[in-house]
Amino acid sequence: MNAVDPRPLTDEPVSLDLLNTCWIEEGARRDLLAGVDGLAVWLAANGLAGRFTADATTLRHTLAARDALAALVDRPGDPAATARVDAVLGHGRIRATLTVEGPGEEPEFADPAWGPGWTAARDHLDLLRTAPDRIRACAHEACILHFFDTSRNGTRRWCSMAVCGNRAKASRHHARSKEA
C-alpha cells in the first residue's frame, strides 16, 4: 500500500504521531484511524509496517492506546489516565539481547496486535524521561495536534508556524483592525 498520509503534521515522536491521527480540517474532525487502510498508512509513516499487520484487531488495540495517551496528555499525572497507559504497556515487554553487534533490546508481545500501541506508549515514557515539559498541544484554539518542542529555548507554541501560527497572527490583526 502506497497511500499518501493526509495529516497536516507528521514526523513527531511515535506517541505524539499516534495522537495526531486525529486533526481538524476545514472545521471538521478527521481521523486517519477510521479504518485499517489508515492504520496501514500510519504504520508505514512510523516504520512499523514490516513488523505489524494492519488488521481490525491491531486497529482496535491501537485506538485503545491512542485514547489512553490522549487522556494522559490532557491530564498529566491523573491516576486513571496513568493506569490506562500502564495497561497498554502491560501488553509487551523488553527482552535484553546479545548479538555479534553487541547488546540490544527486543520488544516482545503475547499478542502482536498490541505492538503498535505498545510502541507508542513506550515512546511516550522516553519523552517523559527526556523532557516532559516539551510535550505540547498546539496553542491555536481550533487545533488538536500535539508536538515535541525541539526549539532551542523551548517556547514553541504552534504545531506549525506556517498554519496555526499564521492563523493566530491573522486573527489578532483582524481583531485590532476591527477595534480601530
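Up top you'll find the structure we're talking about.
Residues numbered from 1 in each chain as written. Predicted model: local features only at pLDDT ≥ 70, side-chain atom pairs only at ≥ 80, totals over all residues. Heavy atoms only, no water.

Before going further, it helps to spend a moment on the pairing of strand β4 (residues 102-109). Sheet analysis places strand β3 (residues 92-99) next to β4, joined by eight bridges and oriented antiparallel. What sits directly across from Thr97, in β4, is Gly104. Between the end of β3 and the start of β4, which pair antiparallel, lie two residues. (Pairing = 2+ DSSP bridges. Helix = DSSP H or I, 4+ residues; strand = E, 2+ residues; numbered from the N terminus.)

A word on the pattern of salt bridges. By the definition in use, this model includes 10 salt bridges. One salt bridge in this structure joins Asp17 and Arg7, with 3.0 Å as the shortest N-O distance. Residue Asp17 is located in helix α1 (residues 14-19), and its partner Arg7 is located in the segment before α1; the two are separated by 10 residues in the primary sequence. A relative accessible area of 2% places Asp17 in the buried class. (Salt bridge = Lys/Arg side-chain N within 4 Å of Asp/Glu carboxyl O. Buried < 20%, exposed > 50% of the residue type's maximum accessible area, 1.4 Å probe, protein only.)

The next point concerns the packing of helix α3 (residues 56-74) against helix α5 (residues 115-130). Interaxial distance between α3 and α5 falls to 7 Å at its minimum, and their mutual angle equals 25 degrees. Considering their axes alone, α3 and α5 lie roughly parallel with respect to each other. Only Pro116, Gly117, Ala120, Ala121, His124 and Leu128 of α5 make contact with α3, whose side of the interface consists of Thr58, Thr62, Ala65, Leu69, Leu72 and Val73. (Axes fitted to C-alpha atoms, helices over the stretch in contact; angles between N-to-C directions. Parallel < 35°, antiparallel > 145°, perpendicular 65-115°, else oblique. Contact = heavy atoms within 4.5 Å.)

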